[in-house]
Amino acid sequence: MKPTQRTNSSGMTIVIKIGTTSICDEQSHFPILSNLSGLVETVLKLKSQGHRVIIVTSAAVGTGLRRLNMGTKPSKLAARQAVAAVGQGRLMALYDDLFGQFNQPVAQILLTKNDLSDRSQYQNAVACLEELLQMGVVPIVNENDTISTQGIRFGDNDTLGAITAGMIKADYLFLLTDVDCLYTDNPRTNPDAKPVLLCDDIGALRDEVSVSSGGSALGTGGMWTKLVAAELAIAAGVTTIITHGSKPGHIFSIIDKECIDKPLHTQFIAKNNPMIDRKWWILHGLHTAGTIYVDEGAAKAIVSRGLRSSLFAAGIVGVTGPFNIQQAANICLRSADGKEVVIGKGIVNYSSAEITRIKGANSSDIADILGFINADCVIHRDNLVRVVNEQQLANPAPAASS
């Protein structure tokens, strides 16, 4: 497949993620037509300026609750999935009606993380999105809640927005929410909370802001999920913006480089050297099925700029799973004081059960231990993504849960 190329400034690719609280009233669950109409008008104007636009939408559950006359989101997974199944059709009908007033075709794209874990399906999804954009269609993306399970969900549509933006190599990802920007604390409860306008280091930002509040009663997100999404997107070279969902027209001023008086928003600066497509897919498209623990020597060999080694069985000290061959696993260093740091993620050449048998062994002994050999390494360096550098390895932060 021909790789997706970023467009020039006169015709950019823009992904707009709109949250549940911007689509549905949190109490009545009725659609907020003023917000949706504003979004539709914004998308149409962006297209008239030569931009390509994808919408990532939430609110299938909220729309389903209104249709079923239910007051609150069910706690049972199967019940939530059933409500989402009812709501998804109604939600798409609403978008189709609004865009249809202007003869603008739309397309429904339902994704699960499991869909994208297969490289060919990932590439097919990219090709489909590209073809729709070339046809002038507005793709509307949502997670396929009816078949997603807790262990292999994107988790929230902020993450799905970032994944979509990375897949299509978008220029901008807009996370439309119920506040104007990211604040150092919750502005509703802390009057001293200050807006964060520009961020080029999300790691440092996490130490400066409080984002502990969760999502709404209808949604699954919150400011923490937006930081995670921004981190995914900027790694793929996508400039990420947090701004208010009731004011989608602000997008025009934000993307206008000549505009001086820009509306309040938070901008996360894209990486100058974005991760190549395959490595980004391994890190963010593949479900992490387990963890491989390595010794300090193996960790240094993997992250050292001069080596960038594959992961060999000799450096493995433990494994948690279960996982099979060609699934993805984190690579983790556990220090003597019990601290853990994830140093990378890769596609394995052996199952967790087989790795348990060959851990600590030389590559030349694998055939004798297993009776066969798939490869001389457990993870080849071409299928391995490093997430820390030598300096970070020397001063590790605790591993985040995935």
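Residues numbered from 1 in each chain as written. Predicted model: local features only at pLDDT ≥ 70, side-chain atom pairs only at ≥ 80, totals over all residues. Heavy atoms only, no water.

Chemist: Give a detailed account of the overall build of the protein, specifying residues and quantitative values.
Modeler: Secondary structure assignment for the protein yields 15 helices and 15 strands. In terms of C-alpha radius of gyration, the protein reaches 22 Å, essentially the compact-globule figure of 21 Å for 402 residues. Summarising its shape, the C-alpha atoms of the protein cover approximately 70 × 45 × 45 Å along the three principal directions. A fraction of 74% describes how many contacts in the protein between residues 6 or more apart in sequence connect residues 24 or more apart. (Helix = DSSP H or I, 4+ residues; strand = E, 2+ residues; numbered from the N terminus. Rg over C-alpha atoms; globule rule 2.2 N^0.38 Å. Contact = heavy atoms within 4.5 Å.)

Chemist: Explain the side chain of Asn144 to me, and be specific about the residues and the numbers.
Modeler: Residue position: Asn144 is located in the loop between β4 (138–143) and α7 (157–167). Residue Asn144 is classed as buried on the basis of its relative accessible area, which comes to 16%. Among the polar contacts made by the side chain of Asn144, one reaches the side chain of Thr146 at a distance of 2.8 Å. Residues contacting Asn144, with those up to four places away along its chain left out, are Leu110, Leu111 and Thr112. (Buried < 20%, exposed > 50% of the residue type's maximum accessible area, 1.4 Å probe, protein only. Polar contact = N/O pair within 3.5 Å; in protein donor to acceptor, adjacent residues only side chain to side chain.)

Chemist: Account for the pattern of salt bridges, naming residues and giving values.
Modeler: All told, the structure shown has 8 salt bridges when counted by the stated rule. The partner of Lys169 in a salt bridge is Asp277, with the nearest N and O atoms 3.7 Å apart. Taken together, the positions of Lys169 in the loop between α7 and β5 (172–177) and Asp277 in helix α11 (residues 277–285) put the pair 108 residues apart, joining distant regions of the chain. Linked by salt bridges that have partners in common, Lys17, Asp158 and Lys226 make up one network. (Salt bridge = Lys/Arg side-chain N within 4 Å of Asp/Glu carboxyl O.)

Chemist: Got a sec to walk through the side chain of Ser309? Specific residues and values, please.
Modeler: Assignment of secondary structure puts Ser309 in the loop between α12 (296–303) and β12 (316–320). Ser309 sits in the buried class, given a relative accessible area of 17%. Residues in contact with Ser309, not counting those within four places in the same chain, are Ala301, Ile302, Arg381, Leu384 and Arg386.

Chemist: Break down the sheet that holds strand β15 (residues 384–386) for me, with residues and values.
Modeler: Spatially, β12-β11-β13-β14-β15 is the arrangement adopted by the 5 strands of the open sheet, whose pairing is mixed. Two strands close off the open sheet at either side, each with one partner strand: β12 and β15. Going from strand to strand, the sheet's axes swing by 30° on average, the running direction of each strand aside. Relative to β15, strand β14 (residues 340–347) is paired through 3 bridges, and the arrangement is antiparallel. From the neighbouring strand, Gly344 faces β15, where its bridge partner is Arg386. On top of the sheet, α11 reaches β14 and β15; it is set at about 120° to β14, its chief contact. (Pairing = 2+ DSSP bridges. Axes fitted to C-alpha atoms, helices over the stretch in contact; angles between N-to-C directions.)

Chemist: A description of a negative patch on the surface should follow, citing residues and the corresponding values.
Modeler: Taken together, Asp200, Asp201, Asp207 and Glu208 make up a surface patch of like negative charges. Note on placement: Asp200 falls in the loop between β8 (198–199) and α8 (202–206). By relative accessible area, Asp200 is classed as exposed at 59%. (Patch = residues over 30% accessible without salt bridge, like charges linked within 9 Å, V, L, I, M, F, W, Y side chains within 5 Å. Areas by Shrake-Rupley, 256 points an atom, 1.4 Å probe, with all protein chains shown as cover. Lys, Arg positive; Asp, Glu negative; His and termini not counted. Charge placed at Lys NZ, Arg CZ, Asp CG, Glu CD.)

Chemist: Give me unusual backbone geometry: which residues, what numbers.
Modeler: Gly321 connects to Pro322 through a cis peptide bond whose omega is 0°. One can find Pro322 in the loop between β12 and β13 (328–334). For Asn69, which is not a glycine, the phi torsion comes out positive at approximately 55°. With respect to the helices and strands, Asn69 occurs in the loop between α3 (60–68) and α4 (77–100). Exposure remark for Asn69: the relative accessible area of 61% places this residue in the exposed category. The backbone phi angle of Asn103 is positive, close to 55°, even though this residue is not glycine. One can find Asn103 in the loop between α4 and β3 (106–111). By relative accessible area, Asn103 is classed as exposed at 71%.

Chemist: Tell me about a nonpolar patch on the surface, and name the residues and values.
Modeler: Taken together, the side chains of Leu197, Leu198, Leu264 and Ile269 present a nonpolar region at the surface, about 340 Å² in accessible area. Within the secondary structure layout, Leu198 lies in strand β8. With relative accessibility at 56%, the residue Leu198 sits in the exposed group.

Chemist: Residues and numbers for the packing of aromatic side chains, please.
Modeler: This structure, assessed with the given rule, holds 2 aromatic pairs. Aromatic pair Tyr122 and Trp281: ring centres 6.2 Å apart, planes at 50°, arrangement tilted. Here the residue Tyr122 occupies a position in helix α6 (residues 119–134), and Trp281 occupies one in helix α11, the gap between them amounting to 159 residues. With 5.7 Å between their ring centres and 25° between their planes, Tyr172 and Phe174 make a pair best called stacked. (Phe/Tyr/Trp six-rings, centres within 6.5 Å; stacked < 30°, edge-to-face > 60°.)

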